[in-house]
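Results of the structural survey
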Amino acid sequence: MDEHIESRYSRQLLFTPIGREGQAKLLRSKVAVIGMGALGTVISSQLVRGGVGHVKLIDRDFIEFSNLQRQMLYDEEDAASHLPKAEAARLKLTKINSEVTVESFVADLNVSNTQELLDGVDLIMDGSDNMAVRFLINDIAFQKGIPYIYGGAVSSRGMVAAFIPGKTACFQCLFGGSAESGRLETCDTVGVIAPIVDIVSSRQVTLALKILTGHADLVKPVLKTFDIWHDYDYEMSIEEPRQNCPTCQLKQYPYAASREKEDIVETLCGRDSVQIRPRVKRALDMDDLLNRLKPLGRVEQNGFLIRFFTGDYQMTIFPDSRVMIHGTHDKKVAKSLYARYIGS
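Here we summarise the structure given alongside this text. Not measured: the values here are computed from a predicted model.

Strand order in the open sheet formed by 6 strands is S9-S10-S14-S13-S12-S11, and the pairing between neighbours is antiparallel. The strands lining the two open edges of the sheet, one partner per strand, are strand S9 (264-268) and strand S11 (298-301). Across the sheet, the mean angle separating the axes of adjacent strands is 15° when strand polarity is ignored. Pairing of S9 with strand S10 (residues 273-277), which is carried by 5 bridges, proceeds in the antiparallel orientation. Following the sheet pairing, Glu266 is matched in S10 by Gln275. Most of the contacts of helix H14 (residues 331-341) go to strand S13 (residues 313-317), to which it runs at about 60°, and overall it touches S9, S10, strand S12 (306-310), S13 and strand S14 (323-326).

Put into structure tokens, the structure is as follows:
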């Protein structure tokens, strides 16, 4: 380990459980962070500052002013420019530590791109706010034998757990059922305070450091639940898998094995928006699209996406043909707008 590295990570090296050997392991590690919102920004910042050698940032969304209260890597300029979260985070993180590799992927994690985005990583960090994505992450993690660190924060409550193939139950064991069943509270419906975000993500990174530095034996097989406003915490064992779990017991991996037969049209909770992701991915000619849309309404472009305003609606269009339609939660209206302006 050279003198510069010794100096940069000196305080972490002084922490005996990590030391020189642990730091060397961190520098050789590759971690994927799914979701670059509140949790993901804190997670990725701590990983990059701590010298994890390769960090992949995966997020489908762009920055809005409502994000700034809790999403720590972004600023007003990012929100005004509507930069994609993954790319804005990459730009910030490379200024924090230019010696590690930080990759950004402006993408909606799904069955068709998990191989590209998650292959070869040593650890998956969950910063998402989407149950379907979490079930998919869980399937991929247990199929490939990759530890998966789950975190959730809403209101003043948080949950954290490390799901380790062969050592713990899995996310499917814990939450069961279907990603579509039931309605969960979200930050968009009941709000969230920033301190719970920092606490959850810091606990996630602590688990990551244990695993990546060779101390996985110190990771307790529990789901930690806590409320910092009402001051309580609770632990539930996740050591024993659920009998006949389709993921970790039967190894059927239902979410990873599913194949999309039609375009994915989903309402974005609390945002009066609908996202459309075509089943068949195709690259859009953004310059041509920009020219076609200019006579039809107000258009903005930032190099990563196009924002098109038509009547009461706003369309955020990504190069992979994924579109967010804002101003409606009606899927039929959203599909009609997509067909009219993007095509099929």
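Turning to the side chain of Arg134, a few remarks are in order. Checked against the element boundaries, Arg134 lands in helix H8 (residues 131-144). A distance of 2.7 Å separates a polar atom in the side chain of Arg134 from the backbone oxygen of Ser128. In contact with Arg134, not counting residues within four places along its chain, are Asp126, Ser128, Asp129, Tyr148, Tyr150, Gly151, Gly152 and Phe171.

Another point: the packing of helix H4 (residues 38-49) against helix H11 (residues 194-212). Across the interface, H4 lies against H11 with an axial gap of 9 Å and an inter-helix angle of 45°. Relative to H11, the element H4 is oriented oblique. For the pair H4 and H11, the crossing hand works out as right-handed. Contact residues: Ala38, Leu39, Val42, Ile43, Gln46 and Leu47 in H4; Val197, Asp198, Val200, Ser201, Ser202, Gln204, Val205 and Ala208 in H11. Its residues assigned to classes, the contact of H4 with H11 comprises 9 nonpolar, 4 polar and 1 charged.

Taking 1.5 Å as the rise per residue, helix H6 (residues 85-96) with 12 residues should run 16 Å; its terminal C-alpha atoms sit 16 Å apart, in good agreement. Those residues of H6 lying buried are Lys85, Ala86, Glu87, Ala88, Ala89 and Leu93. Tucked inside the fold, the buried residues of H6 contact H4, strand S2 (54-59), helix H5 (76-81) and strand S3 (101-106).

Applying the stated criterion across every chain, the model contains 15 salt bridges. Close ionic contact of Asp108 with Arg277 constitutes a salt bridge, the shortest N to O distance being 3.0 Å. Of this pair, Asp108 sits in the loop between S3 and helix H7 (114-118) while Arg277 sits in strand S10; the two residues are 169 residues apart in sequence, bridging distant segments of the chain. In this pair, the class of Asp108 matches that of Arg277, namely buried.

Attention now moves to H11. With 19 residues, H11 ought to run about 27 Å at 1.5 Å a step, and its terminal C-alpha atoms sit 27 Å apart, in line with that. Turning to H11, its buried residues number three or more, namely Ala194, Ile196, Val197, Val200, Ser201, Gln204, Val205, Leu207, Ala208, Ile211 and Leu212. When H11 is viewed along its axis, its buried side chains cluster within an angular range of 160° and face the same direction. Just downstream of H11 lies Gly214, where phi reads positive at about 90°.

Turning to the nonpolar core, a few remarks are in order. Membership of the largest hydrophobic core comes to 45 residues, with the highest contact counts inside it found for Val33, Leu47, Leu57, Leu123, Met125 and Ile149. The element that contributes the greatest number of residues to this core is H11, accounting for 8 residues. Those residues in contact with Leu123 that sit more than four places away from it in its chain are Lys30, Val31, Ala32, Ile146, Pro147, Ile149, Ala208, Ile211 and Leu212. Counting 35 residues, the second-largest nonpolar core is a separate cluster that includes Ala32, Phe105, Met131 and Ile137.

Moving on: the pairing of S13. Most of S13 is tucked away, with 4 of its 5 residues classed as buried. Across 5 bridges, S12 lies against S13 in antiparallel orientation. In the sheet register, Arg307 faces S13, and the bridge partner there is Thr316. Alignment of S13 against S14, held across 4 bridges, turns out to be antiparallel. Counted as the bridge partner of Gln314 is His326 from S14. Between the antiparallel neighbours S13 and S14 lie 5 residues, among them Ser321 with a positive phi of about 80°.

The next point concerns the sheet that holds strand S4 (residues 123-126). The sheet built from 8 strands is open, its strands ordered S3-S2-S1-S4-S5-S6-S7-S8 with mixed pairing. The open sheet has two free edges, formed respectively by S3 and strand S8 (232-237), since each of these has just one partner strand. On average, each strand axis in the sheet is tilted by 15° relative to the strand beside it, whichever way the strands run. Sheet topology places strand S7 (residues 222-227) next to S8; 6 bridges connect them, and they run antiparallel. Note that in S8 the partner of Leu223 across the bridge is Met236. Across the sheet, H4 is in contact with strand S1 (30-34), S2, S3, S4 and strand S5 (148-154); its angle to S1 comes to roughly 165°. Here H8 sits on the sheet and contacts S1, S4, S5 and strand S6 (157-163); the angle it forms with S5, its principal contact strand, is near 165°.

Here is what the cut-offs are and how they apply
Residues numbered from 1 in each chain as written. Predicted model: local features only at pLDDT ≥ 70, side-chain atom pairs only at ≥ 80, totals over all residues. Heavy atoms only, no water. Pairing = 2+ DSSP bridges. Helix = DSSP H or I, 4+ residues; strand = E, 2+ residues; numbered from the N terminus. Axes fitted to C-alpha atoms, helices over the stretch in contact; angles between N-to-C directions. Contact = heavy atoms within 4.5 Å. Polar contact = N/O pair within 3.5 Å; in protein donor to acceptor, adjacent residues only side chain to side chain. Parallel < 35°, antiparallel > 145°, perpendicular 65-115°, else oblique. Left-handed = near helix turned anticlockwise from the far one by under 90°. Nonpolar A, V, L, I, M, F, W, Y, C, P; charged D, E, K, R; others polar. Expected span 1.5 Å × (residues − 1). Buried < 20%, exposed > 50% of the residue type's maximum accessible area, 1.4 Å probe, protein only. Salt bridge = Lys/Arg side-chain N within 4 Å of Asp/Glu carboxyl O. Arc of directions from axis to C-beta. Core = buried A, V, L, I, M, F, W, Y, C linked by side-chain atoms within 4.5 Å.

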